[in-house]
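So the chains spell out like this:
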Amino acid sequence: CEGPFGLKEGLLFVEYNQDYHTTEDGVSKMIYETYEVPKPDDRFMHYQLFFDPAAGLAKIVAHGRKINTSADGADLKAAYRDIVKDLEKEFGPMSD
């Protein structure tokens, strides 16, 4: 089953063939940053992929683009609601 950004849970690092580099040399060899994923989303600039040596891809952190907003944060709140709506449509409702 394909996961977020076209990356599936458990994907082994050796199977991942995008250009990458370590985010912090010597801190964690299993955290990689990339600007390209199989299914990118325009709302995000780059992605951090967390690989477990045994379990494979365990976590994705997508870093968003700058959102210009007013003092009340209405644009930011609307962008958040849009992302939640899209995620729930694709993967089902969030659990507590």
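Located above this text is the structure these notes cover.
Residues numbered from 1 in each chain as written. Predicted model: local features only at pLDDT ≥ 70, side-chain atom pairs only at ≥ 80, totals over all residues. Heavy atoms only, no water.

Participant: Help me understand the overall build of the chain in this model?
Facilitator: Within the chain, the regular secondary structure consists of 1 helix and 4 strands. Ordering the α and β elements of the chain from the N terminus gives β-β-β-β-α. Among the 96 residues that make up the chain, the fraction classed as buried is 25%. The contacts of the chain with a sequence gap of at least 6 include a subset with a gap of at least 24, amounting to 32%. For the chain, the computed accessible surface area is about 7200 Å², with 52% contributed by carbon and sulfur atoms. (Helix = DSSP H or I, 4+ residues; strand = E, 2+ residues; numbered from the N terminus. Buried < 20%, exposed > 50% of the residue type's maximum accessible area, 1.4 Å probe, protein only. Contact = heavy atoms within 4.5 Å. Areas by Shrake-Rupley, 256 points an atom, 1.4 Å probe, with all protein chains shown as cover.)

Participant: In this structure, what is going on with the pairing of strand β3 (residues 44-52)? I would like to understand it.
Facilitator: One face of the sheet, then the other: side chains in a regular strand alternate in exactly this way. Judged from the 4 bridges that link them, strand β2 (residues 31-34) and β3 form a sheet pairing that is antiparallel. If you follow T34 over to β3, its bridge partner there is Y47. Summarising the sheet, β3 and strand β4 (residues 56-64) pair through 8 bridges and their orientation is antiparallel. Note on β4: the bridge partner recorded for H46 is H63. Turn length for the β3-β4 hairpin, with the two strands adjacent in sequence and antiparallel, is 3 residues. (Pairing = 2+ DSSP bridges.)

Participant: Can you help me understand the packing of aromatic side chains in this one?
Facilitator: Pairs of aromatic rings are described using the distance from one ring centre to the other and the angle between the two planes. A complete count under the given rule lists 3 aromatic pairs for this structure. When the ring of F5 is compared with that of F44, the centres are 5.8 Å apart and the planes differ by 85 degrees; the resulting orientation is edge-to-face. Of this pair, F5 sits in the segment before β1 (21-22) while F44 sits in strand β3, placing them 39 residues apart in sequence. F44 carries the same exposure label as F5, and that label is buried. A connected cluster of aromatic rings, assembled from ring pairs, spans F5, F44 and Y47. In this arrangement the basic side chain of K59 is found over the ring face of F50, its NZ or CZ atom lying 4.9 Å from the centre. (Phe/Tyr/Trp six-rings, centres within 6.5 Å; stacked < 30°, edge-to-face > 60°. Lys NZ or Arg CZ within 6 Å of the ring centre and 35° of its normal.)

Participant: What is the right way to read the nonpolar core from this model?
Facilitator: Ranked by size, the top nonpolar core spans 12 residues in total: F5, L7, L11, F13, Y16, Y32, V37, F44, Y47, L49, F51 and L57. Top element by residues in this core is β3. It accounts for 4 residues. Ignoring sequence-local partners within four residues, the contact set of L49 consists of L7, Y16, M30, I31, Y32, T34, L57, K59 and I60. (Core = buried A, V, L, I, M, F, W, Y, C linked by side-chain atoms within 4.5 Å.)

Participant: Mind showing me how you'd approach the layout of surface pockets here?
Facilitator: Over the atoms rolls a probe the size of a water molecule, and its path tells where empty space is left. Estimated volume of the largest pocket: approximately 500 Å³. P4, F5, D41, L87 and F91 are, among the 17 residues lining the largest pocket, the residues nearest its centre. For the lining of the largest pocket, the secondary structure elements donating two or more residues are β4 and α1 (74-91). Top element by residues in the lining of the largest pocket is α1. It accounts for 5 residues. Each residue belonging to the lining of the largest pocket can be placed in one class, and the counts come to 9 nonpolar, 2 polar and 6 charged. (1 Å grid on protein atoms, 1.4 Å probe; cavity = no way out; pocket = protein on both sides within 12 Å on 5 of 7 lines; lining within 4 Å. Points joined across faces, edges and corners; volume = space filled by probe spheres on them. Nonpolar A, V, L, I, M, F, W, Y, C, P; charged D, E, K, R; others polar.)

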